[in-house]
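# Chains, contacts and geometry: an overview
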Amino acid sequence: MSVRLVDSYVSSFVSAKECADMQAAVTAAHTALHEKSGKGNAFLGWLDLPRDYDKEEYARIKIAAEKIRKSCDVFVVIGIGGSYLGARAVIEFLKSPLYNNLKKDGPEIYFSGCDISASHMQELLQICEGRDVCINVISKSGTTTEPAVAFRIFRGLLEKKYGVEGAKERIFVTTDRAKGTLKGFADQIGYETFVVPDDVGGRFSVLTAVGLLPIAVAGIDIDGLMQGANDAREALTDPDVQKNDCYKYAALRNVLYKKGKTTEIMVGYEPFMQTFSEWWKQLYGESEGKENKGIYPSSVIFSTDLHSLGQYIQEGERNLFETVVSILDTGVTQTIPHDPANIDGLNFLSGKDLNYVNSMARQGTLFAHVDGGVPNIVLELKDRSAHSLGYMIYFFEKACAISGYILGVNPFDQPGVEAYKKNMFALLGKPGFEQQKAALDARIAAL
Ligand code: PA5
């Protein structure tokens, strides 16, 4: 087990009986998921993906990643939401948030198409100046505006620099198997393409080519990642809520939600957890936040945020609970040096490892927050390996599905994301949106 749930810091808020009483709902969710009879059952490809993935494409991903690693200084990944968060989360978790600044034997990796910022775009274009560039544009629908605009800009840059034929060797497309503007484009020009399977939604797609190609370009062991996910797939099938930590996590969140704990804070004690928490926030927010229901997912990195949000968590509204990812072996040590002068009074820490000090910060915070009325679910992660991360990714994906079913929503759709798009298209004058534009223009005039 690479992930173990510790319930000692939640047991004073959720009794053993309240947890056991969730068994019927958990069993129903488990059955709906495994018999593929629940809401959104056309999007369960992720469930057996770590075993049933396309082996031929997987081999091509490795070859493409090697080619990219050898042929560029800068690799730009273009995508938004589920089409970039997973890759970025894994790269930063296993390598570093400072990956681009560290010594490495592969290209720098940047993410674009996840905002519409002119300044971010100009900065990325500056970084590309005078350097060899490859891009991977990722969009399941193939029609999302933000990545489509970024792709147009970067494709222009590559075609200017290398010519249309040369650019073709540097552009990699990950999209639907058959449909969408991007697929048509790729086929017409002849880009190498990878597939987002029909039955895997964006936020569940990190272990498809969507995540795996950029992750492999970073030199990460994707075999280990997939093996970890497959081990989780095999380990997390017992419907018994007391024996399956993944289901226990889903059950506990729902009990806490019913008790008014409407915000969940993902807590990490390592900066490399930050984008992983962003991935987790999308997974849970987009899966559960519908029908006027759902736990609001947020995140912090401690100690950093103990000095910004710590006050609120300790004494603000009591609608919070925390889920703490505690990494048992970070794989590095850093000793605090001894100073004979001891002017800073820190010699009580001389010779201590920063991991130890961090763990004491965690222990102290757990007690403080529980004493302040904030339930804490602790998830112990064995280590910072690709295998353990693959396991944790699958753990959270499956818990999300079970939790969404317990909540009574379809965890696999995202109808609410369309509302802003329609308004944006209308305001920008996209053909076909004339009526909405007139209505919005009238609203603006009345402001
Ligand atoms: O989880 C999802 O489905 C979404 O977040 C999508 O990943 C996101 O909207 C991007 O969509 P697409 O990949 O179609 O460009």
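For the structure itself, look to the data block above.
The structure contained in this document is the topic of the report that follows. Everything numeric here is computed off the predicted structure, so don't read it as measured data.

Moving on, we come to the state of the cysteines. Using the criterion set out here, one finds 0 disulfides in the structure. Cysteine Cys-19 shares no disulfide, and the gap to the nearest cysteine sulfur, in Cys-246, comes to 13 Å. No disulfide involves Cys-114; its nearest neighbouring cysteine sulfur is the one of Cys-128, lying 14 Å away.

Attention shifts here to the site of the ligand. The environment of the ligand is formed by 13 residues, the closest being Ser-83, Ser-139, Ser-141, Thr-144 and Gln-282. Here Thr-144 contributes a side-chain N or O atom positioned 2.5 Å from an oxygen atom of the ligand. In the environment of the ligand, an oxygen atom lies 2.9 Å from a nitrogen or oxygen atom belonging to the backbone of Arg-203. Because more than half of its atoms lie within 2 Å of the grid, the ligand is assigned to the largest pocket. Of the residues belonging to the shell around the ligand, the class tally is 1 nonpolar, 9 polar and 3 charged.

For the rest of this paragraph, the subject is the packing of aromatic side chains. Summed over all chains, the structure comprises 23 aromatic pairs. Judged by centre distance (6.4 Å) and plane angle (90 degrees), the ring pair of Tyr-284 and Phe-396 falls under edge-to-face. Linking Tyr-284 in helix H12 (residues 274-288) with Phe-396 in helix H15 (residues 386-407), this pair joins segments that are 112 residues apart in sequence. What links up through ring pairs into an aromatic cluster is the set Phe-93, Tyr-249, Phe-272, Phe-276, Trp-279, Trp-280, Tyr-284, Phe-395 and Phe-396. We note Lys-430 situated over the ring of Phe-425; from NZ or CZ to the ring centre the distance is 4.0 Å.

Rules used throughout
Residues numbered from 1 in each chain as written. Predicted model: local features only at pLDDT ≥ 70, side-chain atom pairs only at ≥ 80, totals over all residues. Heavy atoms only, no water. Disulfide = S-S within 2.5 Å. Near = heavy atom within 4 Å. Polar contact = N/O pair within 3.5 Å; in protein donor to acceptor, adjacent residues only side chain to side chain. 1 Å grid on protein atoms, 1.4 Å probe; cavity = no way out; pocket = protein on both sides within 12 Å on 5 of 7 lines; lining within 4 Å. Sits in = over half its atoms within 2 Å of the grid points. Nonpolar A, V, L, I, M, F, W, Y, C, P; charged D, E, K, R; others polar. Phe/Tyr/Trp six-rings, centres within 6.5 Å; stacked < 30°, edge-to-face > 60°. Helix = DSSP H or I, 4+ residues; strand = E, 2+ residues; numbered from the N terminus. Lys NZ or Arg CZ within 6 Å of the ring centre and 35° of its normal.

Interpretation note: all reported values are geometric properties and have no functional meaning in isolation.
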